[in-house]
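The residues making up each chain are set out below.
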Amino acid sequence: MDKNNIVKNAELKVKKYFEAIDEIKEYNQEKVLNAFIKNKIGLEHFATVSGYGHDDMGREALDKVFADVFKAEKAVVRNHFVSGTHTLACCLFGNLRYGEKLISLAGSPYDTMEEVIGTRGDKRASLIGHGILYDEVPLINDIDVDFEGIKNKIDKSVNMVLIQRSRGYSLRKSLDIDTIKRMIEIVKSKNPECICFVDNCYGEFTEKLEPLEAGADLIAGSLIKNPGGGIVEAGGYIAGKEQYVNQAAYRLTAPGIGAEGGAMLNQLRLIFQGLFMAPSIVSEAVKGAVLASQVFEDMGYISTPKPFEKRTDLIQTIKFGAPEPLLEFCKTLQMYSPIESYLTPVPDEVPGYDDKLIMAGGSFIEGSTIELSADGPVREPYAVYMQGGLNYAHVKIALKGIVKNLLK
């Protein structure tokens, strides 16, 4: 192995996969453009209102554009969602009632969702604390979806299922649209009234279709991930069937207000523009993830997904098996960040997580994971989760620095 040309040689191997990524980008870019044209978006939609936010034509148009892009009956797009977890919590608390049952179909969800559900943390504040019943369908070997297990768990007593598209802090496979469709078909065959809710974080615009087109009833995600295009400062979106979106909106604001209130505080232009940029930004990040996968495979590490595998989210996982290379990876990525490159990340406690995390990525927007970042819990198997990249060149430059420092 030529240690001085690892990244260059890896790039030669993966460029053949970039054409398919560009095809998805162009398909999604046209879809977004058509939504803007259909809804006659103009400069007047960038204006803002204050106070209660009543009669905000820009906010109403934004909801319609998102609904058209994601093929939803209705969408709620707001800067008032503080995170993806908050957005998901509104969907769950808004649509579940005392005594009803929620099942996670792909094992345990992302760490922060465990506190929302109540499997750890403050039970009283959680779904379980509000009388919601909860169960999970374990993965096969902690990696693959157990379709037979789903079939056995779902019956008329299940009111809602949670399908997490990305892997979170686990080594399970991210769920592509075909897999999500199969899961939903099983659920609906057993209980047509069950709400199929997909956590779409990290997945938007990585494929041509979105989960609602695969039969989902409700989806949600964060605007400082894929659909914000790297420029949206805060917020989230919910989309799907109108009745379920309305219930989630009541949880965000209040019954009787729902989606009809909330001043957008001069954020409308950024959110419109971010959505328009999103397909191209996502494709750059996906290319960077494919390159990273090849680089670390060539170095002898276990990297997932593999360079040739279908992509359904932004996350690239590299399993190091020891803490030292995990820490070195994150420290070096920070050195190659445009913001706060002079800082050195160290493992620390983070609200919502049991284990210490190391987090790297000097982003223009705090916590923005469409920008190049990496993090991971300091626990076995000592895997780093790299995501984002506003442009492919930045990812490539950072990878060169990481390889150099790891080989020292």
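Remember, predicted model here, so these are calculated numbers, not experimental data. (Residues numbered from 1 in each chain as written. Predicted model: local features only at pLDDT ≥ 70, side-chain atom pairs only at ≥ 80, totals over all residues. Heavy atoms only, no water.)

A. Quick peek at the overall build of the protein chain. Scanning the protein chain for helices and strands turns up 11 helices and 12 strands. For 408 residues, the compact-globule estimate of 2.2 N^0.38 gives 22 Å, and the C-alpha radius of gyration of the protein chain, at 21 Å, lies within 12% of that figure. Considered along the principal axes of its C-alpha atoms, the protein chain spans approximately 65 × 50 × 40 Å. Relative to its full complement of 408 residues, the protein chain shows a buried share of 57%. Long-range pairs, those at least 24 residues apart, make up 70% of the contacts in the protein chain between residues at least 6 apart in sequence. Roughly 17200 Å² of accessible area belongs to the protein chain as shown, and the carbon and sulfur atoms make up 51% of that amount. When the 47 basic and 55 acidic side-chain charges of the protein chain are each reduced to a single mean position, those positions are 3 Å apart. (Helix = DSSP H or I, 4+ residues; strand = E, 2+ residues; numbered from the N terminus. Rg over C-alpha atoms; globule rule 2.2 N^0.38 Å. Buried < 20%, exposed > 50% of the residue type's maximum accessible area, 1.4 Å probe, protein only. Contact = heavy atoms within 4.5 Å. Areas by Shrake-Rupley, 256 points an atom, 1.4 Å probe, with all protein chains shown as cover. Lys, Arg positive; Asp, Glu negative; His and termini not counted. Charge placed at Lys NZ, Arg CZ, Asp CG, Glu CD.)

B. Just the sheet that holds strand 1 (residues 74-78), in detail. Here we have seven strands laid out as an open sheet, ordered 1-7-6-5-4-2-3, and mixed in their pairing. A strand with exactly one partner marks an edge of an open sheet, and here the two such strands are strand 1 and strand 3 (133-136). The average undirected angle you get between the axes of adjacent strands in this sheet is 15 degrees. As defined by bridge partners, strand 2 (residues 101-104) adjoins strand 3 across four bridges and the pair is classed as parallel. Its bridge partner being in strand 3, Ser-104 is matched across the sheet by Glu-136. The strands touched by helix 3 (residues 57-69) within the sheet are strand 1 and strand 7 (236-240), with strand 1 carrying the most contacts at an inclination of about 125 degrees. Where helix 8 (residues 242-252) meets the sheet, its contacts fall on strand 1, strand 5 (195-199), strand 6 (218-222) and strand 7, and the angle it forms with strand 1 comes to roughly 25 degrees. (Pairing = 2+ DSSP bridges. Axes fitted to C-alpha atoms, helices over the stretch in contact; angles between N-to-C directions.)

C. Fine view of the pattern of salt bridges. If you walk through the whole model with that rule in mind, you get 21 salt bridges. Note that Glu-207 is salt-bridged to Lys-310, the shortest N-O span being 3.2 Å. One end of the pair, Glu-207, is in the loop between strand 5 and strand 6; the other, Lys-310, is in the loop between strand 8 (302-304) and strand 9 (316-319), with 103 residues separating them in the sequence. You can call Glu-207 buried: its relative accessible area is 7%. A salt bridge links Lys-306 to Glu-297; the shortest N-O distance between them is 2.8 Å. Given the relative accessible area of 21%, Lys-306 is considered partly exposed. Of the residues examined, Glu-297 reaches a relative accessible area of 27% and is grouped as partly exposed. One salt-bridge network, in which partners are shared between bridges, spans Arg-165, Asp-178, Glu-207, Glu-210 and Lys-310. (Salt bridge = Lys/Arg side-chain N within 4 Å of Asp/Glu carboxyl O.)

D. Structural context of the nonpolar core. Counting 88 residues, the largest nonpolar core has Phe-66, Leu-105, Ile-150, Val-161, Val-295, Phe-296 and Phe-329 as the members making the most contacts within it. If one sorts the elements of this core by residue count, helix 9 (residues 268-298) sits on top with 14 residues. With residues near it in sequence (within four places) discarded, Leu-105 still touches Val-137, Val-145, Ile-150, Ile-154, Val-161, Leu-162, Ile-163, Met-183 and Val-187. The next biggest cluster of nonpolar side chains, apart from the first, holds 29 residues, and it includes Val-76, Phe-81, Met-113 and Ala-248. (Core = buried A, V, L, I, M, F, W, Y, C linked by side-chain atoms within 4.5 Å.)

E. Spotlight on the sheet that holds strand 10 (residues 357-360). Taken together, five strands build an open sheet; the order of strands is 8-9-12-11-10 and the sheet is antiparallel. The outermost strands of the open sheet, each flanked by one partner alone, are strand 8 and strand 10. Each strand axis lies, on average, 15 degrees off the axis of its neighbour in the sheet, ignoring direction. Pairing of strand 8 with strand 9, which is carried by three bridges, proceeds in the antiparallel orientation. Within the sheet, the bridge partner assigned to Ser-303 lies in strand 9 and is Ile-318.

F. Representation of the pairing of strand 6 within the structure. Where burial is concerned, most of strand 6 is hidden: five out of the five residues are buried. Across the two faces of strand 6 the burial is the same, with Leu-218, Ala-220 and Ser-222 and Ile-219 and Gly-221 all buried. Where strand 5 lies against strand 6, three bridges are found, and the strand directions are parallel. From the neighbouring strand, Asp-199 faces strand 6, where its bridge partner is Ala-220. With five bridges joining them, strand 6 and strand 7 adopt antiparallel strand pairing. For Ala-220, the partnering residue across the bridge sits in strand 7 and is Ile-238.

G. Representation of the packing of helix 1 (residues 6-14) against helix 9 within the structure. Where helix 1 contacts helix 9, the two axes come as close as 9 Å, and the packing angle between them is 120 degrees. In terms of their interaxial angle, helix 1 and helix 9 are classed as oblique. As for how helix 1 packs across helix 9, the hand of that crossing is right-handed. Where helix 1 approaches helix 9, its residues Ile-6, Val-7, Ala-10, Glu-11, Lys-13 and Val-14 are matched on the opposing element by Val-290, Leu-291, Gln-294, Val-295 and Asp-298. Of the residues in the contact of helix 1 with helix 9, the class split is seven nonpolar, one polar and three charged. (Parallel < 35°, antiparallel > 145°, perpendicular 65-115°, else oblique. Left-handed = near helix turned anticlockwise from the far one by under 90°. Nonpolar A, V, L, I, M, F, W, Y, C, P; charged D, E, K, R; others polar.)

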